[in-house]
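# Structural characterization, general
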Amino acid sequence: MTPEELSASIVAVLRDAVRDGAIALDEAALPSAVTVERPKVREHGDYATNIALQLAKRAGAPPRELAATLQERLATVDGIASVDIAGPGFLNIRVEAGAQGVLARSIVDAGDAYGRNDLGAGHRINLEFVSANPTGPVTLASTRWAAVGDALGRVLEATGAEVTREYYFNDAGAQIDRFGGSLLAAAQGKPTPDGGYAGAYMLDIANAILADRPDLLDLHDDEALKVLRVEGVARMWEEIRQSLHELGVDFDVYFSERTLHETGAVESAIERLRAGGLTYTAAGALWLRSTSYGDDKDRVIVRSNGRPTYISVDAAYYLDKRARGFDRVVIMLGADHHGYVNRYRALAAGFGDDPDQTLELLIGQMVNLVKDGAPVRMSKRAGTVITLEDLVEAVGVDAARYALARYSVDSSIDIDLDIWTRATSDNPVFYVQYAHARLSSILRNASDLGLAPAGDDFDPALLSHEREGDLLRALAELPRIVSAAAELREVHRIARYLEDLASTFHRFYDECRVLPRGDEPPEPLHAARLLLVQATRVTLANGLRLLGVSAPDRM
RNA sequence: GCCCCCGUAGCUCAGGGGAUAGAGCAUCGGCCUCCGGAGCCGUGUGCGUAGGUUCGAAUCCUACCGGGGGCACCA
């Protein structure tokens, strides 16, 4: 019996009690789902629900009285071993070992699909993240989004949603001009211009381009600049894609800002905004009434000189995404862009959308690297910034992805290289991967002994040890964790869950011998535990896959 | 000045209004005749402050304090 099934049973019992008048409540007032949680304290049973407390006021009855009614009826439900009333009116429920043990079978049968659901079915989500300009290597902050964004994409896909991972890049305009100018300076051996891009990588690129175009320095500056801009962006771009790819992050769409200008999309977006009624003209410029959406001031979208601001380009981009059929536009931004949120929402509203339905801006806080207790500042690659490549080089792909995905994006984090480079248990990713390797090893050994997990003869009631129950209940959590992570856009929940599951498994392993020892004959319990081991391995692997972290069979 | 995020154990962080607030690390002490000791068990300490909402608040609201980030007719 899974928590979902238990929850459904409680709902059914509630409905019956209301129908025959045992509970004075309108059937329509009943919740469609009842929260079932794993109590922190063992004595409180396998599962607990506070439903009696929640309904007490509306039903006009003391919570404990309501609880008693439910207790009596729940106790007769198949698979429920006992129901107790505790404290102000909690219902503490124990599940029969057999009803719980069958989960091992269904997890193994589900395989890769275990943990998936269809809550997001029918939704088309455009997930934009990283979107760093091709003017330098991918910074640490962008790397956080690469890891979190890709994992979020996986989690959303696990709910049945159709997800497009999108990378938007600026390949025109002032930043690129500055980039080209800096390359020219580097090529000519001059110092970086004010506001330009410095760092060793600029020299690398300039030299690489010079190797292909030795004539570059003979050209007039304007001509050389043109070449450098195009060539420089192309090379930087390739590097960015390559380092993201090495991190295991690939995008479905790489969207060029320039195309929005070239196709006239910007102009038509401005026209639609004007028609939408959220704009006005003042001092020769066109303004967006973003204050209606909580912005602290209205924003110019067309300058008094007639040129559109970047907001118009964002508007055109948003419109383009919607026109491509996405019902949900999700954009992941750094904390330094939180000021965009309200004006972006105003844009969506200006097009007649409800921003609460179609647009979501996720803000992630900063990342710092720490080594020997002090912040890391230097990067041999970029001079001042720390890059994706620096991190991967220092800790490897799995640790990098895991370290970035394991924390709530709401908090700024310090990644301690001393921890994440260590191949010991203080390193959470090793802890989880180790559990998977250990599970794999047990299954290998079983296979060597000619033993197989229980098949049709599986007796779920054999898994009655307390540690087996703990493990089964931990396994049963994955679907709920996936749903929560998807709904809340919080992938760190997956990582925390995996750590909890790994720990629960290790405790099981410590007390419950899986394979027969020495001269012991194999018994049904061994086969049942092997099935449980297999189910645990499947669950860990599925969770790790959601984070894009490998699940090694050996370490 | 205004806006956003954070403040939980010595450290790094979990905690979707519920019961006695958790995990890892660090400290100290235990556990290998056989499945991977990269493991397990035990050990002390804590919700920034003050109010409010609620049967019940780390969680929601307000004010203040502390840390980080942002406030362009730049992108």
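This structure is a prediction, so every number in the text was calculated from the model and none was measured. (Residues numbered from 1 in each chain as written. Chains lettered and ligands numbered in written order. Predicted model: local features only at pLDDT ≥ 70, side-chain atom pairs only at ≥ 80, totals over all residues. Heavy atoms only, no water.)

### Here we look at helix 7 (residues 200-212)
End to end, helix 7 covers 19 Å across 13 residues, agreeing with the expected 18 Å (1.5 Å per residue, within 8%). The set of residues buried in helix 7 consists of Y201, M202, I205, A206, I209 and L210. The secondary structure elements touched by the buried residues of helix 7 are helix 6 (174-187) and helix 8 (221-246). (Helix = DSSP H or I, 4+ residues; strand = E, 2+ residues; numbered from the N terminus. Expected span 1.5 Å × (residues − 1). Buried < 20%, exposed > 50% of the residue type's maximum accessible area, 1.4 Å probe, protein only. Contact = heavy atoms within 4.5 Å.)

### Some thoughts on helix 1 (residues 3-19)
In this model helix 1 runs 24 Å from its N-terminal to its C-terminal C-alpha over 17 residues, within 8% of the 24 Å that 1.5 Å per residue would give. Residues P3, L6, S7, S9, I10, V11, V13, L14, A17 and V18 constitute the buried set of helix 1. Close packing links the buried residues of helix 1 with strand 1 (47-49), helix 2 (51-59), helix 3 (63-74), strand 2 (80-86), strand 3 (90-95) and helix 19 (478-488). The positive-phi residue at the C-terminal boundary of helix 1 is G21, with phi of around 80°.

### Details of the nonpolar core
Formed by 147 residues in total, the largest nonpolar core has its most connected members in I23, L74, Y167, L244, I494 and L547. In terms of residue count, the dominant contributor to this core is helix 21 (residues 524-547) (12 residues). Here this core spans two domains, and each of domain 1 (3-95) and domain 2 (425-547) adds at least three residues to it. Not counting residues within four places of it along the chain, the set of residues in contact with L547 comprises A151, R401, Y402, A405, V491, I494, A495 and L498. In this structure, A265, V302, F351 and L359 belong to the second largest nonpolar core, which totals 34 residues. (Core = buried A, V, L, I, M, F, W, Y, C linked by side-chain atoms within 4.5 Å. Domains from an automatic or database assignment.)

### Remarks on the environment of E267
Among the secondary structure elements, E267 is positioned in helix 10 (residues 265-276). With 162 residues separating them in the primary sequence, E267 and R105 have C-alpha atoms 59 Å apart.

### With respect to the pattern of salt bridges
By the definition in use, this model includes 42 salt bridges. R124 is the salt-bridge partner of E162, the closest N and O atoms lying 3.2 Å from each other. Highlighted residues: E162 in strand 5 (residues 162-169) and R124 in strand 4 (residues 124-128), separated in sequence by 38 residues. Across the pair R322 and D353 runs a salt bridge whose closest N-O atoms are separated by 2.8 Å. In this pair, R322 is assigned in helix 11 (residues 310-323) and D353 in the loop between helix 12 (340-350) and helix 13 (355-358), connecting sequence segments 31 residues apart. (Salt bridge = Lys/Arg side-chain N within 4 Å of Asp/Glu carboxyl O.)

### Some remarks on the packing of helix 10 against helix 11
Geometry of a packed helix pair, given as the angle between the helix axes and the separation of the axes. Interaxial distance between helix 10 and helix 11 falls to 8 Å at its minimum, and their mutual angle equals 90°. Judged by the angle between their axes, helix 10 and helix 11 are roughly perpendicular. Taken together, the residues of helix 11 that come into contact with helix 10 (itself represented by A265, V266, A269, I270, R272 and L273) are S312, V313, A315, A316 and L319. Partitioning the contact of helix 10 with helix 11 into residue classes produces nine nonpolar, one polar and one charged. (Axes fitted to C-alpha atoms, helices over the stretch in contact; angles between N-to-C directions. Parallel < 35°, antiparallel > 145°, perpendicular 65-115°, else oblique. Nonpolar A, V, L, I, M, F, W, Y, C, P; charged D, E, K, R; others polar.)

### Some remarks on the environment of C512
On the secondary structure map, C512 appears in the loop between helix 20 (492-511) and helix 21. Among the residues examined, C512 registers a relative accessible area of 1% and is labelled buried. Separated by 373 residues in sequence, C512 and T139 place their C-alpha atoms 46 Å apart. Here C512 is in contact with H465, R467, E468 and R529, once residues within four sequence places are set aside.

### Details of the environment of D204
Mapped onto the fold, D204 is located in helix 7. A sequence separation of 21 residues divides D204 from L183, and the C-alpha atoms of the two residues are 9.6 Å apart.

### Quick notes on the pairing of strand 2
Direction of pairing for strand 2 relative to strand 3: antiparallel, over a ladder of six bridges. Note that in strand 3 the partner of I85 across the bridge is L91. (Pairing = 2+ DSSP bridges.)

### Remarks on the layout of surface pockets
The computed volume of the largest pocket comes to approximately 1,500 Å³. In terms of lining residues, the largest pocket is bounded by 48 residues, among which S131, N133, N170, H337 and Y340 are the most central. Going through the elements one at a time, helix 5 (140-158), helix 6, helix 9 (257-262), helix 11, strand 10 (328-334) and helix 12 are the ones with two or more residues in the lining of the largest pocket. Along the walls of the second largest pocket sit 24 residues, with E4, P479, R480, I481 and S483 positioned nearest its centre. Per element, the largest residue contribution to the lining of the second largest pocket is seven residues, and it comes from helix 19. Its residues placed into classes, the lining of the second largest pocket shows 11 nonpolar, five polar and eight charged. The two domains that each donate at least three residues to the lining of the second largest pocket are domain 1 (3-95) and domain 2 (425-547). (1 Å grid on protein atoms, 1.4 Å probe; cavity = no way out; pocket = protein on both sides within 12 Å on 5 of 7 lines; lining within 4 Å. Points joined across faces, edges and corners; volume = space filled by probe spheres on them.)

### Focus on the domain arrangement of chain A
In terms of domain boundaries, chain A breaks down into domain 1 (3-95) and domain 2 (425-547). With eight residues of domain 1 at the interface, the matching set in domain 2 holds nine residues. Here domain 1 and domain 2 share an interface that buries about 750 Å² over both sides, 40% of which is from carbon and sulfur atoms. The largest contributions to the domain 1 side of the interface with domain 2 come from E4, R38 and R42, which together make up 61% of the buried area. For the interface between domain 1 and domain 2, the tally reads five salt bridges. Ionic pairing is found between R473 and D46, a salt bridge with its closest N-O pair at 3.1 Å. For the pair domain 1 and domain 2, the interface holds four residue pairs in polar contact (both at pLDDT 80 or more). Of the residues assigned to the side of domain 1 that touches domain 2, the class counts are three nonpolar, no polar and five charged. (Buried area = accessible area lost by both parts, 1.4 Å probe. Polar contact = N/O pair within 3.5 Å; in protein donor to acceptor, adjacent residues only side chain to side chain.)

### Overview of empty space enclosed by the protein
Counting across every chain of the model gives one cavity of 30 Å³ or more. Here the largest cavity defines a volume of roughly 30 Å³. Around the largest cavity sit V148, Y407, S408, V409, R489, E490, V491 and H492, which together line it. For the lining of the largest cavity, the class distribution of residues is four nonpolar, two polar and two charged.

### Some details on the side chain of T358
For T358, the position within the fold is in helix 13. Residue T358 is classed as buried on the basis of its relative accessible area, which comes to 7%. A distance of 2.8 Å separates the side chain of T358 from the side chain of Y318, its partner in a polar contact. Once you skip the residues sitting within four places of it in the chain, T358 turns out to touch Y318, R322, D327, R328, V329 and D353.

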